[in-house]
Amino acid sequence: VLREAPLYRKIKKALAPIAFFMREHNQTFYEKTKIERSYVLFNDTPKDKDFTITYEIRDTDRVIKKGEENVHIQAGYSYKGLFNFTTPPVNRRKKISTIIKIYDKNNNELLFTEEFPYNIFSKNPIATNRQYSKIALYDKTGKTAKVLDLLSIPYADLKHFNDTHPDLLIIGKDSLDSKLS
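Residues numbered from 1 in each chain as written. Predicted model: local features only at pLDDT ≥ 70, side-chain atom pairs only at ≥ 80, totals over all residues. Heavy atoms only, no water.

Student: Just checking my understanding: could you explain the sheet that holds strand β1 (residues 18–22) for this structure?
Tutor: As a general point, the strands of a sheet are linked pairwise by backbone hydrogen bonds and lie either parallel or antiparallel. In spatial order, the strands read β1-β3-β6; together these three strands make up an open sheet with antiparallel pairing. With one partner strand each, in any of the chains shown, β1 and β6 (77–86) form the two edges of the open sheet. Averaged over all pairs of adjacent strands, the angle between strand axes in this sheet comes to 20°, irrespective of strand direction. Bridge count between strand β3 (residues 34–43) and β6: 10 bridges; the pairing is antiparallel. Counted as the bridge partner of Leu41 is Tyr79 from β6. (Pairing = 2+ DSSP bridges. Helix = DSSP H or I, 4+ residues; strand = E, 2+ residues; numbered from the N terminus. Axes fitted to C-alpha atoms, helices over the stretch in contact; angles between N-to-C directions.)

Student: I'm lost on the pairing of strand β8 (residues 110–121) in this one. Help?
Tutor: Here strand β2 (residues 28–30) pairs with β8 via three bridges, running parallel. Paired with Thr28 across the two strands is Asn119, which belongs to β8. Pairing geometry for strand β7 (residues 94–104) and β8, over 10 bridges, is antiparallel. Counterpart to Ile96 in the pairing with β8 is Tyr118. Here β7 folds back onto β8 in antiparallel fashion, the turn holding five residues, of which Asn108 has a positive phi close to 60°.

Student: Please clarify how the side chain of Arg37 should be interpreted in this entry.
Tutor: Structurally, the position occupied by Arg37 is in strand β3. In this structure the side chain of Arg37 is engaged in a polar contact, spanning 2.9 Å, whose partner is the side chain of Asn26. Apart from residues no more than four positions distant in its own chain, Arg37 is found in contact with Met22, Glu24, Asn26, Phe29, Gly81, Leu82, Phe83, Phe85 and Tyr118. (Polar contact = N/O pair within 3.5 Å; in protein donor to acceptor, adjacent residues only side chain to side chain. Contact = heavy atoms within 4.5 Å.)

Student: Where do I start with the environment of Phe85 in this structure?
Tutor: For Phe85, the location among the structural elements is in strand β6. Separated by 19 residues in sequence, Phe85 and Lys66 place their C-alpha atoms 9.2 Å apart.

Student: Even after reading the chapter, I still don't get unusual backbone geometry, so can you show me in this structure?
Tutor: Negative phi is the rule for most residues except glycine; trans is the rule for most peptide bonds. Look at Lys32: it is not a glycine, yet its phi comes out positive at around 55°. Its location among the elements puts Lys32 in the loop between β2 and β3. Here Lys32 falls in the exposed class, since its relative accessible area comes to 54%. Despite not being glycine, Asp174 has its phi angle at roughly 60°, a positive value. Residue position: Asp174 is located in the segment after β11 (168–171). Judged by relative accessible area, Asp174 falls into the partly exposed class, the value being 49%. (Buried < 20%, exposed > 50% of the residue type's maximum accessible area, 1.4 Å probe, protein only.)

Okay, structure coming up:
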């Protein structure tokens, strides 16, 4: 049984007469960020063609945005387009993706499909991801306490901590020395 080698698939894609390339390669964003994606669609066939370009931005359980564009590309030419979307609000890292499909507009034949993944992060993961409900802080200088206060992260001073098993123990900046036991 013959199998296609990975290099063969890469070369076949690169030399395809109908080719689609997303111009931006970054795939990590913060929540609620407007993202603009530009692309190029090549018609390297001997005939002019009409295409339908569809895109769908989705996470695992819902469609965030979708769109469609009809374009006419002369033989040997390309079309440059763009679409944009806003990343969804998240409490922790979430994976979303853009699914691109290119159809021959005349017979609705699927010519190309590809999925582009993205990672979306919360702008304030420490404050929104309350993984640690009981935080104890040992902070001789008070510098770390100021940062935690600024970020609205609740904590208890280790001297006044009632529970013997905190979920997280933070030792503040410049608080460790030979006297700490």
